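Okay, here's what each chain looks like letter by letter:
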Amino acid sequence: MADVPPSVKGMNDILAPEVSKWHFLEEKARSILESFSYRELRTPVLEYTPLFVRSVGEVTDVVEKQMYTFDDRDGRSVTLRPEGTAPAVRAYVERAQWNKEPVTRWYYIGPMFRHERAQRGRLRQFHQVGAELFGVAEPSADAELIAMLHAFLVELGLPASEIQLSLNSLGEPGERLVYRDALVAYLTAHQDKLDEESRRRLTTNPLRVLDSKNPDVTALVAGAPLLLDTLGDESRRRFGRVQEILKSLGVAFDVDPRLVRGLDYYTGTVFEFKTNAGDLGAQNTVGGGGRYDGLVESLGGPRVPALGFGLGIERTLLALKEPAESFEPALGVFVAPMDAAALAFALPIAHRLRLGGIRVEIEHRLGSLKSQLKRADRLKARLAIIVGETEVAARKVQLKDFGTGKQHEVPVDEIETRVRGLLD
Ligand code: HAM
């Protein structure tokens, strides 16, 4: 046999039984986001490259190292979206959405692409549930959004005690500039301890040095001045409000003054959710987000405050301990025809049950009763409808209940009612 070309590294097929876990998460996401009055936004997976360069930031890991960027056949540079905020803002600005409603709440569920070193919980095609809220500057919105994500994780079955929420405030751009000078002064004084990349970032985007994974740099950063200490009164007041409201909503958190996030568009509140549940290993940040009050304007819209979050679906699913099989829907009925005439007789019966919303498998390949019932068992069917020559002649079926082991003879017209009765 010829070799099949493998799937692209870091990009996975998702199929049963795992896909049932995905459905569970996606249904919960839709339900909770819709109840917070968010509506779904679907954007293309491809965008023109400058959208991400200008929003995520030129000197970020995502833009420098991870984007799938190529020229399309018209010679324009396009990028597979590495995240969902920039496309949402692009859609918001293109539609002049602020003219249609003062407050816009959007959510999305879909694939994102980053060329990272693939490992457990880190993929090159991964999926996010994300939400973006436009038009509200009040810090109560920050707390509401964070509490919503917290509630979602709890709804999924993560114990609150295993969810860690970290918060920080990145303040206003002006405050960040002042801080930047202090940070540059500190890092320059210890330049010998910086690696090559951090030294380069010291001149291009010094806050990114705080993000370094190099242990020597992390140790140095531990002694660096903190942005939180240099914030002005208004930023402090806002950050204080976010914390107060979170407390009133019963959401526990830690303030982590070193949390900067890996994307450049943030202003004010930023946050990350980590969990030690399940088997996540090192990649235990399941979601993060924050405010980006300047992004709409910098992409050509008016000054509209905004905030949002992105939650990694693969990582969140790794944190759910229950096996995928327990999310699989039960098969209601297995239809076992004994010969071709029985199959012809049974197909309309199966069809009606299916149109009535019951999950039904029918054995087209026929075969012995024993082999068919074995397959029904493997599929975890709750009932079997067995049809042979006698049943066709009498317009009846044998209805077997695997739960009780009992078998009933049921006339064709009564099948649906009897099946429903047994399945309820
Ligand atoms: P992010 O922190 O870059 O934020 O990604 C959010 C989440 O996506 C991460 O916490 C992680 O769970 C998941 N994730 C990221 N990269 C990978 C990967 N390579 N493999 C698996 N999962 C991954 C954003 O994307 C922002 N757009 C969030 C946001 C929305 N901020 C404001 N609004």
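Residues numbered from 1 in each chain as written. Predicted model: local features only at pLDDT ≥ 70, side-chain atom pairs only at ≥ 80, totals over all residues. Heavy atoms only, no water.

A. Representation of the pattern of salt bridges within the structure. One pass over the structure, following the stated rule, counts 30 salt bridges. Asp61 is paired through a salt bridge with Arg201; the nearest N and O atoms lie 2.9 Å apart. Placement of Asp61 in helix H3 (residues 61-66) and of Arg201 in helix H7 (residues 196-204) is noted, with a sequence separation of 140 residues between them. A salt bridge links Glu361 to Arg375, with the shortest nitrogen-to-oxygen separation between them at 2.9 Å. Within this pair, whereas Glu361 is found in strand S13 (residues 360-362), its partner Arg375 is found in helix H14 (residues 369-378), the two being separated by 14 residues in sequence. The class of Arg375 is partly exposed, set by a relative accessible area of 23%. Here the salt bridges share partners, and the residues they tie into one network are Asp61, Glu64, Lys65, Glu197, Arg200 and Arg201. (Salt bridge = Lys/Arg side-chain N within 4 Å of Asp/Glu carboxyl O. Helix = DSSP H or I, 4+ residues; strand = E, 2+ residues; numbered from the N terminus. Buried < 20%, exposed > 50% of the residue type's maximum accessible area, 1.4 Å probe, protein only.)

B. Expanded view of the site of the ligand. The immediate surroundings of the ligand are formed by 26 residues, with Glu83, Glu116, Glu132, Tyr266 and Val286 found nearest. Glu116 is positioned such that a nitrogen or oxygen atom in its side chain is 2.7 Å from a nitrogen atom of the ligand. Note that an oxygen atom of the ligand is positioned 2.8 Å from one of the backbone N or O atoms of Val286. Expressed as a share of its isolated accessible area of 650 Å², the protein-covered part of the ligand is 96%. Sorting the residues of the shell around the ligand by element identifies strand S6 (125-134), strand S10 (285-291) and strand S11 (306-312) as the ones contributing at least two each. With 6 residues, the single largest contributor to the shell around the ligand is S10. Of the residues assigned to the shell around the ligand, the class counts are 8 nonpolar, 11 polar and 7 charged. (Near = heavy atom within 4 Å. Polar contact = N/O pair within 3.5 Å; in protein donor to acceptor, adjacent residues only side chain to side chain. Areas by Shrake-Rupley, 256 points an atom, 1.4 Å probe, with all protein chains shown as cover. Nonpolar A, V, L, I, M, F, W, Y, C, P; charged D, E, K, R; others polar.)

C. The arrangement of the sheet that holds strand S3 (residues 68-71) in detail. Pairing is antiparallel in the open sheet, where 3 strands are placed in the order S2-S4-S3. Strands at the two margins of the open sheet, each flanked by one partner only, are strand S2 (46-48) and S3. Taken pair by pair, the neighbouring strands of this sheet meet at an average axis angle of 35°, ignoring direction. Of the pairings in the sheet, the one linking S2 to strand S4 (residues 77-80) comprises 3 bridges and is antiparallel in character. Bridge assignment links Leu46 to a residue of S4, and that residue is Leu80. (Pairing = 2+ DSSP bridges. Axes fitted to C-alpha atoms, helices over the stretch in contact; angles between N-to-C directions.)

D. A look at H7. Within the span of H7, buried status applies to Ser198, Arg201 and Leu202. Each buried residue of H7 lies within a common arc of 115° when the element is viewed along its axis, so the set occupies one face. Seen from the open side of H7, the exposed residues pointing more than 90 degrees away from its buried face are Glu196 and Thr203. Contacts made by the buried residues of H7 are with H3, helix H6 (173-189) and helix H8 (215-222). (Arc of directions from axis to C-beta. Contact = heavy atoms within 4.5 Å.)

E. Inspection of the packing of aromatic side chains at higher detail. One pass over the structure, following the stated rule, counts 9 aromatic pairs. Between the aromatic rings of Trp106 and Phe134, the centroid separation amounts to 5.7 Å while the plane-to-plane angle is 75°, which identifies the pairing as edge-to-face. One end of the pair, Trp106, is in strand S5 (residues 104-113); the other, Phe134, is in strand S6, and 28 residues separate them in sequence. Like Phe134, Trp106 is buried. Measuring from centroid to centroid gives 5.6 Å for Tyr265 and Tyr292, while their planes differ by 65°, and the two rings are edge-to-face. Placement of Tyr265 in the loop between strand S8 (254-255) and strand S9 (267-275) and of Tyr292 in the loop between S10 and helix H11 (295-298) is noted, with a sequence separation of 27 residues between them. Stacked on the ring of Tyr48, the Lys or Arg Arg76 has its end atom at 3.6 Å from the ring centre. (Phe/Tyr/Trp six-rings, centres within 6.5 Å; stacked < 30°, edge-to-face > 60°. Lys NZ or Arg CZ within 6 Å of the ring centre and 35° of its normal.)

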